[in-house]
Amino acid sequence: RATSNHKVKETVALELSYVNSNLQLLKEELEELNSSVDIYQNESESISVPMIPLGLKETKELDLLVPLKDFISEHYGEEGILFEKEIKEFMELRQAMRTPSRNEAGLELLMEYYNQLYFLDSRFFPPAKSLGVFFHWYDSLTGVPSHQRALAFEKGSVLFNIGALHTQIGARQDRASLPGLNQAIDAFQKAAGAFNYLKENFSNAPSLDMSAASLNMLVRLMVAQVQECVFEKMTLLCAQHDFLARLQLAQEAARVEDVYSLVHQTMTQAHVKDYVPFSWTTMVHVKSEHFKALSHYFAAIALCDCPATSDAELPEQEKAFIQFHVTMPEGPSLRVLLQDPEERRKLGKAHLKKAIMKHEEAMRIHGLCKILRKMDILQEVLSFAHKRSLSKYSEIDHEEDFFETGDAPDIHPKTHQKPEIKSPNFSQVKVTDLFHRLGPLSVFSAKNKWYPARRVHLMRGENGFGFTLRGDSPVLIAGVIPGGCAAEAGLKKGDYIISVNGKDCKWSKHAEVVQLLKSTGEEGVEIGVITLQGTEGPKAVDKKAAAMSSGSGLLKSNKENSRKSLMNSKSASTLLVWSKKSKRSKKSTYGIPFTAVGDNEAMY
């Protein structure tokens, strides 16, 4: 646009097209790297169909030292430099979380960091103010960077990586053995649970891999991979020449084909089509055709390799066969079909014909994808299954067969182990609040504001200090006697005691504070107190009691920030302790107006 010289324009256009073609090549190479199916496969010598694992989202380093120190000074009124150790410990945990090991220890590390984010959120992220920190993450498949100030993006990305790591652990299992298959099933079910939890609890993610459409596709993909493992488990457990077991295998294979068809349908939808790697879409399509072929193959094996049905077996086998096909096969009645070897061979031959067609279709689709063509093991699996069906067909094909092989009906999909979507169990990794020195979260959190701490000097009068106390961690002044020592010193109902004679009491139990007060001599006692903003006056105690009895002051259903995890994390137990304490305190005379309170432990 800057020149009218046609020659310059042509030169620039040529150079731009060269740059664009280079960018396109780089994009394809990146897609190939990020979506590589064969990276995390098991290394055993047994031949099994490869699974699709996900790569982890990557993130930039994050320096929280200055922002958190500033917030501690500004919001909590503490010296930020005194909390450098805790801030550095949190940053080290985040650094370690960026490169977790591909095993249970790596999952625990991600879960520990995820749980720790709850405390970070409660301590440093007020509802109406930003901390000014950007969280940078890269898309799992395209590598496209995204950033947000919301901590929800950090939480969601870590949760995505928990799911992705489960997929890698599942893909690495040796599925030729029963323990390996059970571990793979468990891993893919947990991956489905993580992606499903992410889809239901986080919204408006800036990266495509965390969009609702992508997560829905990933959940379905994981469920399909579980179903495939269930089929492989059945092949290990099935008796070789049992008719009903072979029918069961055919139905299991039909079920796998069914779920992979649904995944393929999801992958080719408008919102996902241009995003999902072509190698994934092709792999899912190949598997759909492959398992359809296997369902027909096992149907043929049941009919041709198992002995004809005896009169004693007939009722049971007839019942199973009625529900076996989607539509009943043409020809003789079921009784004749099951007891006549020739009729069984005819139907078996029709099933094999369909199996061979589907095997060939799977191999054709496989050949369309450059990335899959490089995977020798997949080629080997497809080729082996195809040759096995051809071999069986030539074995049962007679030269004198003059009948035209009919079209075998499809097999009714059925499974004996339905996949389960296992939501993340956040409570399995216990964490303690790194910033617990700031005080109990019920009071000392980012959402609460309080007036600057006051130091009050009290002398014990004839009737004690003149106030009633309530609760634990921190202890609340529930009432102040008019004209008493406490009232004259400026203490108010609703104040929290944070120190006694210079000793920090934010986490102290009721009895500990009482003991400190009782141990004071004639020189009196110096009490540090704070008053929450907006809670001054008579309603303060009622609010405190409500928060304590419900134990849910911090458990608001915030979908984006996914605070449901709190219920399963270490913090939940903290809140339950609060709830228990409030019940205990109700047994004493704290609820009685202080004018009616006698000389007992509630009044000091």
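Definitions and cut-offs
- Residues numbered from 1 in each chain as written.
- Predicted model: local features only at pLDDT ≥ 70, side-chain atom pairs only at ≥ 80, totals over all residues.
- Heavy atoms only, no water.
- pLDDT = per-residue confidence, 0-100.
- Helix = DSSP H or I, 4+ residues; strand = E, 2+ residues; numbered from the N terminus.
- Contact = heavy atoms within 4.5 Å.
- Salt bridge = Lys/Arg side-chain N within 4 Å of Asp/Glu carboxyl O.
- Buried < 20%, exposed > 50% of the residue type's maximum accessible area, 1.4 Å probe, protein only.
- Pairing = 2+ DSSP bridges.

**Let's talk about the confidence of the model for the protein chain**
Logical step 1: For the protein chain, per-residue confidence averages 82 on the pLDDT scale, and 82% of positions sit at 70 or higher.
Logical step 2: Model confidence for the protein chain, summarised as mean pLDDT per element, is weakest for helix H20 (residues 570–586) at 32 and strongest for helix H6 (residues 178–201) at 96.
Logical step 3: Low confidence marks residues 537–601, where pLDDT is under 50. Its contacts with residues over four positions away, or in another chain, come to 102 contacts.

**Let's talk about the pattern of salt bridges**
Logical step 1: Tallied over the full model, the rule gives 26 salt bridges.
Logical step 2: Between Arg 175 and Glu 232 there is a salt bridge, and its shortest N-O distance comes to 2.7 Å. Here Glu 232 lies in helix H7 (residues 212–237) and Arg 175 lies in the loop between helix H5 (151–172) and H6, a separation of 57 residues in the sequence. Of the two residues, Arg 175 and Glu 232, neither departs from the other in class, the shared state being buried.
Logical step 3: For Asp 305, the salt bridge goes to Lys 392, with nearest N and O atoms at 2.5 Å. Note that Asp 305 is positioned in helix H10 (residues 278–305) and Lys 392 in helix H15 (residues 376–396), a separation of 87 residues in sequence.
Logical step 4: Among the residues examined, Asp 305 registers a relative accessible area of 31% and is labelled partly exposed.
Logical step 5: Here the salt bridges do not stand alone but share partners, grouping Lys 292, Lys 354, Asp 407 and Asp 410 into one network.

**Some details on the pairing of strand S8 (residues 525–530)**
Logical step 1: Along S8, 5 of the 6 residues are buried, which leaves the element largely enclosed by surrounding structure.
Logical step 2: The pairing of strand S3 (residues 454–458) with S8 spans 5 bridges and is antiparallel. Within S8, the position partnered with Arg 454 by the bridge is Val 529.
Logical step 3: Judged from the 4 bridges that link them, strand S6 (residues 496–500) and S8 form a sheet pairing that is antiparallel. What sits directly across from Ile 497, in S8, is Val 529.

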